[in-house]
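# Descriptive analysis of the structure
Now for the letters of each chain:
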Amino acid sequence: MTSSAIWHPFTQHALEPSMTRISRAEGAWLETPEGKRIFDGVSSWWVITHGHRHPKIIEAIRAQAELLDQVIFAGFTHEPAEAVAAGLLKIAPPGLRHVFFSDSGSTSVEVALKMALGYWKNTGRRRTRILALEDAYHGDTIGTMSAGARGVFNAAYEPLLFEVGRIPLPKPHHAQPTFDALEIACRKGDVAAFICEPLILGAGGMLMYDADALKEMHRICKAHDVLFIADEVMTGFGRTGTVFACEQAGISPDILCIAKGITGGSIPLAVTMCSAPIYDAHLSKDRSRTFFHSSSYTANPIACAAAAANLEVWRREPVIERILTLTANQALCLKDLEADPRFSNLRQLGTITAFELANAQQGYLADITLALRARLLERGVLLRPLGSTVYVMPPYCTTKDELKFVYRSLVDTVDEVLS
Ligand SMILES: *Cc1c(COP(=O)(O)O)cnc(C)c1O
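Quick look at the structure, then. All values reported here derive from a predicted model rather than from experimental measurement.

## Let's talk about the overall build of the chain
Assigned secondary structure in the chain consists of 12 helices and 16 strands. Whereas a compact globule of 419 residues would reach a radius of gyration of roughly 22 Å, the chain reaches 21 Å, a difference of no more than 12%. Across its three principal directions, the C-alpha atoms of the chain cover 65 × 55 × 45 Å. Counting the 419 residues in the chain, one finds 53% classified as buried. A sequence separation of at least 24 residues applies to 71% of the contacts in the chain between residues at least 6 apart. Surface exposure of the chain reaches about 19,200 Å², of which carbon and sulfur atoms provide 56%. Here the chain contributes 41 positively and 45 negatively charged side chains, and the mean placements of these two sets differ by 3 Å.

Set out below in structure tokens:
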């Protein structure tokens, strides 16, 4: 068996002996050193929004690198961080007043959970239980794995994970069991927070639910004083058709996690936003009430400059129009699959489409996944099915023709692999 000095993420090296080398990227395309072009159908793991190397974002990174690379963010501040915070406060759901920086989606969720528990501790009430949706994904650190669904991904670490209350996913036209379970759990009085991915559960299989259900879950939490944490790490910055998915339900979470699209996908950065009561509960002359969290690169100036430039792109360019165009084109391509019995459960939310391959082995470890990925790559398309669930999540700059190429390649590949 071949071994690899570099240990790649979510990769079984015994089954995937070689990695595709990429040396350039532009727009929706990756390029190998040999000049082979590969369409980035997963937006490089859901982070690229506008397209690779948006000129304004790259220029901001370059300019910031000439001025200030890094500075400790405890006791110090800088203009790029302030620009990001001010910009986010303008576009985030109302009621979110404070911005805490970190550097990945997982950390932004860890910070959210710590803020929630800190809030209850500092206000003198004993509430420590976390509620989360079944099939949720919130990251790969111990705390976020605890909140996420249990399965093959975290079986080995199970002894370290804390117990959370599970709420069933709201089903279309049949969300009452979700509301009942949430209501019963909240009534016990020990719940610190409910965390969810608004409108779509990403890594759990692109499972979608409607805005009314989101709104009702939020209402139940508020009625019982339970903090509502929206994990918009994937959905933030336009993925679902609005800047934040919460907007579609007209709700303001108490805590909001943002990461992937915040720099347009150029460089790692994350934030956790919170309402005034949560910040105020930590505000005290008593130093033991400090919010004890940091990472070395908190609010790195170059990452913040990229995020500030991204916010500027959103203000100056017709980003929402591009998203609506992509959404319409996605709908057209999806419609073409409707008559084909090999594709089932076709669904779409904003720029994301997903469906299951009928008759394929179900689950993340479905045998078909690797073959499908490899054949698609040969055709010049990067897709990364979650088991038998195939999804297409391209950058917003994707044209109709590019999208047609992706779906044509997919159908041809399925012809090959399933025959
Ligand atoms: C990707 C993701 C995370 C984790 O983000 P990382 O940057 O990979 O740590 C958390 N929550 C959701 C909803 C995600 O999609």
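## Examining the state of the cysteines
Overall, the coordinates contain 0 disulfides when judged by the stated rule. The thiol of Cys196 is unpaired, and the distance to the nearest cysteine sulfur, on Cys246, comes to 7.1 Å. Overall, Cys196 belongs to the buried group, its relative accessible area being 1%. There is no disulfide at Cys274, and the cysteine sulfur nearest it, in Cys257, is 11 Å away.

## Remarks on the pairing of strand S7 (residues 191-196)
Of all 6 residues making up S7, 6 are buried, and the element is well covered by its neighbours. Two strands pair when backbone bridges link them, and S7 and strand S10 (residues 227-231) are joined in this way by 4 bridges, in the parallel orientation. Residue pairing for S10: Cys196 is matched across the bridge by Ala230.

## A few points about the pattern of salt bridges
Within the structure shown, the criterion is met by 19 salt bridges. The closest approach of N and O atoms between Arg342 and Asp340, which form a salt bridge, is 2.8 Å. Taking relative accessible area as the criterion, Arg342 reaches 22% and is therefore assigned partly exposed. Among the ionic contacts, a cluster of salt bridges with common partners joins Arg24, Glu26, Glu31 and Arg53.

## Details of the site of the ligand
In the vicinity of the ligand, the contacting residues are Trp46, Ser104, Gly105, Ser106, Tyr137, His138, Gly139, Glu197, Asp231, Val233, Met234 and Lys260. Ser106 has a polar side-chain atom sitting 2.7 Å from an oxygen atom of the ligand. Between Asp231 and the ligand, the recorded distance is 2.7 Å, taken from a side-chain N or O atom to a nitrogen atom. Here the ligand loses 83% of its free accessible area of 380 Å² to cover by the protein chains. Grouping the amino acids of the shell around the ligand by side-chain chemistry returns 4 nonpolar, 5 polar and 3 charged.

## Some remarks on the environment of Cys257
Tracing the chain through its elements places Cys257 in strand S11 (residues 255-258). When residues no more than four places from it in sequence are discounted, the contact partners of Cys257 are Ser108, Val109, Ala112, Ile229, Ala230, Asp231, Glu232, Val233 and Val271.

## Looking at the side chain of Ser275
With respect to the helices and strands, Ser275 occurs in strand S12 (residues 270-275). Taking relative accessible area as the criterion, Ser275 reaches 9% and is therefore assigned buried.

Criteria and cut-off values
- Residues numbered from 1 in each chain as written.
- Predicted model: local features only at pLDDT ≥ 70, side-chain atom pairs only at ≥ 80, totals over all residues.
- Heavy atoms only, no water.
- Helix = DSSP H or I, 4+ residues; strand = E, 2+ residues; numbered from the N terminus.
- Rg over C-alpha atoms; globule rule 2.2 N^0.38 Å.
- Buried < 20%, exposed > 50% of the residue type's maximum accessible area, 1.4 Å probe, protein only.
- Contact = heavy atoms within 4.5 Å.
- Areas by Shrake-Rupley, 256 points an atom, 1.4 Å probe, with all protein chains shown as cover.
- Lys, Arg positive; Asp, Glu negative; His and termini not counted.
- Charge placed at Lys NZ, Arg CZ, Asp CG, Glu CD.
- Disulfide = S-S within 2.5 Å.
- Pairing = 2+ DSSP bridges.
- Salt bridge = Lys/Arg side-chain N within 4 Å of Asp/Glu carboxyl O.
- Near = heavy atom within 4 Å.
- Polar contact = N/O pair within 3.5 Å; in protein donor to acceptor, adjacent residues only side chain to side chain.
- Nonpolar A, V, L, I, M, F, W, Y, C, P; charged D, E, K, R; others polar.

Shape descriptors only; they carry no functional weight alone.
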